[in-house]
Amino acid sequence: MRWIQMDDSVFEYVQRHANPSHDPVSEQLAATTQERWADRAGMNIGPDQGHFLEMMVAITGAELVVEVGTFTGMSALWMARALPEHGRMVCFDITDQYLDIATEAWDAAGVTDRIEMVIGPAADRIAEYDFDRPIDLAFVDADKPGYQSYLDLLLPRLSDRGVIVVDNVLWSGAVVGDEAQDESTVALRAFNDGVAERDDVVAVMLPIGDGVTMIRRR
Ligand SMILES: C[S@@+](CC[C@H](N)C(=O)[O-])C[C@H]1O[C@@H](n2cnc3c(N)ncnc32)[C@H](O)[C@@H]1O
């Protein structure tokens, strides 16, 4: 049974009833991203997803968080703030061209020293990275054709109760049916179908943002 039609007014109501409903650092980061990278500012996660990721880090007690796809640092900001003092994040992105904007926001939130940025193709960099403990939470939000390899690389590196959160799995609904045949949509469809068929994971797809799937080892 589906109860909610998420039109703009309901979505706006949802946003207003998060607590805190205003967050100056992420709001400034969104504004700076819009100003400097207007053509791709939509890649930042929104506050609804930010609250969700922050809550995930807090309630899982995550001490090591990995992010694949950092851009101007919005999702990293939300997650890093929820880490304990000794917690850390390792963020992978293919480019450092957005890092100045990210660092400004992370500095404003006082979390820069919790975040290590690793630059290069994420699949290669994750494969060679020496994580000195299991990963408690991973957030995947990079190139869609790479999703399968990120899942394959991250799953065995998870802690026993570790979770991988995968973004954009609904891709504005384009994954439904087979009309859209561009590379990202085809890759996401195959990824989603593959996750649903595996018998070594437990997964749930949630209609937050552009759709997220939470995956843990069975
Ligand atoms: C959707 S954005 C990430 C948005 C970010 N999570 C946020 O909330 O602001 C995707 C990012 O993935 C990065 N990316 C694309 N292909 C990549 C690859 N092969 N390896 C690592 N990063 C990649 C892009 O440079 C971009 O910064």
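Here is a short report on the structure shown in this document. (Residues numbered from 1 in each chain as written. Predicted model: local features only at pLDDT ≥ 70, side-chain atom pairs only at ≥ 80, totals over all residues. Heavy atoms only, no water.)

## What to know about the overall build of the chain
Helix and strand counts for the chain come out as 8 helices and 7 strands. Relative to its length of 218 residues, the chain is compact, with a C-alpha radius of gyration of 17 Å against a globular reference of 17 Å. In terms of its C-alpha atoms, the chain occupies a principal-axis envelope of roughly 45 × 45 × 30 Å. Considering the chain as a whole, with its 218 residues, one finds that 46% of them fall into the buried category. As displayed, the chain has an accessible area near 11300 Å², and 53% of this comes from carbon and sulfur atoms. Distance between charge centres in the chain, computed from 17 positive and 38 negative side chains, equals 5 Å. (Helix = DSSP H or I, 4+ residues; strand = E, 2+ residues; numbered from the N terminus. Rg over C-alpha atoms; globule rule 2.2 N^0.38 Å. Buried < 20%, exposed > 50% of the residue type's maximum accessible area, 1.4 Å probe, protein only. Areas by Shrake-Rupley, 256 points an atom, 1.4 Å probe, with all protein chains shown as cover. Lys, Arg positive; Asp, Glu negative; His and termini not counted. Charge placed at Lys NZ, Arg CZ, Asp CG, Glu CD.)

## Notes on a nonpolar patch on the surface
On the surface, M1, W3, I4, M6, F11 and V14 cluster together into a nonpolar patch covering about 750 Å² of accessible area. As for its position among the elements, M1 is in the segment before α1 (8-16). For M1, a relative accessible area of 85% gives the class exposed. (Patch = residues over 30% accessible without salt bridge, like charges linked within 9 Å, V, L, I, M, F, W, Y side chains within 5 Å. Salt bridge = Lys/Arg side-chain N within 4 Å of Asp/Glu carboxyl O.)

## Digging into the nonpolar core
Counting 35 residues, the largest nonpolar core has F52, V57, V65, M79, M89, L137 and V165 as its most contacted members. Those elements that provide at least two residues to this core are α2 (24-36), α3 (47-60), α4 (74-82), β2 (88-93), α5 (99-109), β4 (135-140), β5 (158-167) and β7 (212-217). Broken down by element, the residue count for this core peaks at 7 residues, all from α4. Contact partners of M89, with chain neighbours within four places excluded, come to V65, E67, A76, M79, A80, L83, R114, I115 and E116. V68, L155, L158 and I164 belong to the second largest nonpolar core, which has 30 residues in total. (Core = buried A, V, L, I, M, F, W, Y, C linked by side-chain atoms within 4.5 Å. Contact = heavy atoms within 4.5 Å.)

## So, α3
The first and last C-alpha atoms of α3 sit 20 Å apart over 14 residues, in line with the 20 Å expected at 1.5 Å per residue. Residues D48, Q49, G50, H51, F52, L53, M56 and V57 constitute the buried set of α3. (Expected span 1.5 Å × (residues − 1).)

## Points about unusual backbone geometry
Each neighbour pair has its own omega, and for N19 with P20 the value is 5°, a cis peptide bond. Within the secondary structure, P20 is located in the loop between α1 and α2. The residue F71 is not glycine, and still its phi comes out positive at about 50°. The phi angle at S172 is positive, at roughly 55°, despite the residue not being glycine. On the secondary structure map, S172 appears in the loop between β5 and α8 (183-197). Of the residues examined, S172 reaches a relative accessible area of 73% and is grouped as exposed.

## Remarks on the site of the ligand
Close to the ligand lie 19 residues; N44, S75, D93, A122 and D141 are nearest. A distance of 3.0 Å separates a nitrogen atom of the ligand from a polar atom in the backbone of I94. Relative to its free-state accessible area of 610 Å², the ligand is covered by the protein chains to the extent of 88%. Residues of the shell around the ligand, tallied by class, amount to 10 nonpolar, 6 polar and 3 charged. (Near = heavy atom within 4 Å. Polar contact = N/O pair within 3.5 Å; in protein donor to acceptor, adjacent residues only side chain to side chain. Nonpolar A, V, L, I, M, F, W, Y, C, P; charged D, E, K, R; others polar.)

## Structural notes on the pairing of β4
Within β4, 6 of the 6 residues are buried, leaving the element largely enclosed by the surrounding structure. Looking at chain direction, strand β1 (residues 64-68) and β4 are connected through 4 bridges and run parallel. Directly across from V66, in β4, lies its bridge partner A138. Pairing analysis gives 5 bridges linking β4 to β5, with the strands arranged parallel. Among the inter-strand pairings, I135 is bridged to a residue of β5, identified as L158. Regarding the hand of the β-α-β motif, the stretch spanning β4, helix α7 (residues 147-154) and β5 is right-handed. (Pairing = 2+ DSSP bridges. Right-handed = clockwise from strand over helix to strand, strands pointing away.)

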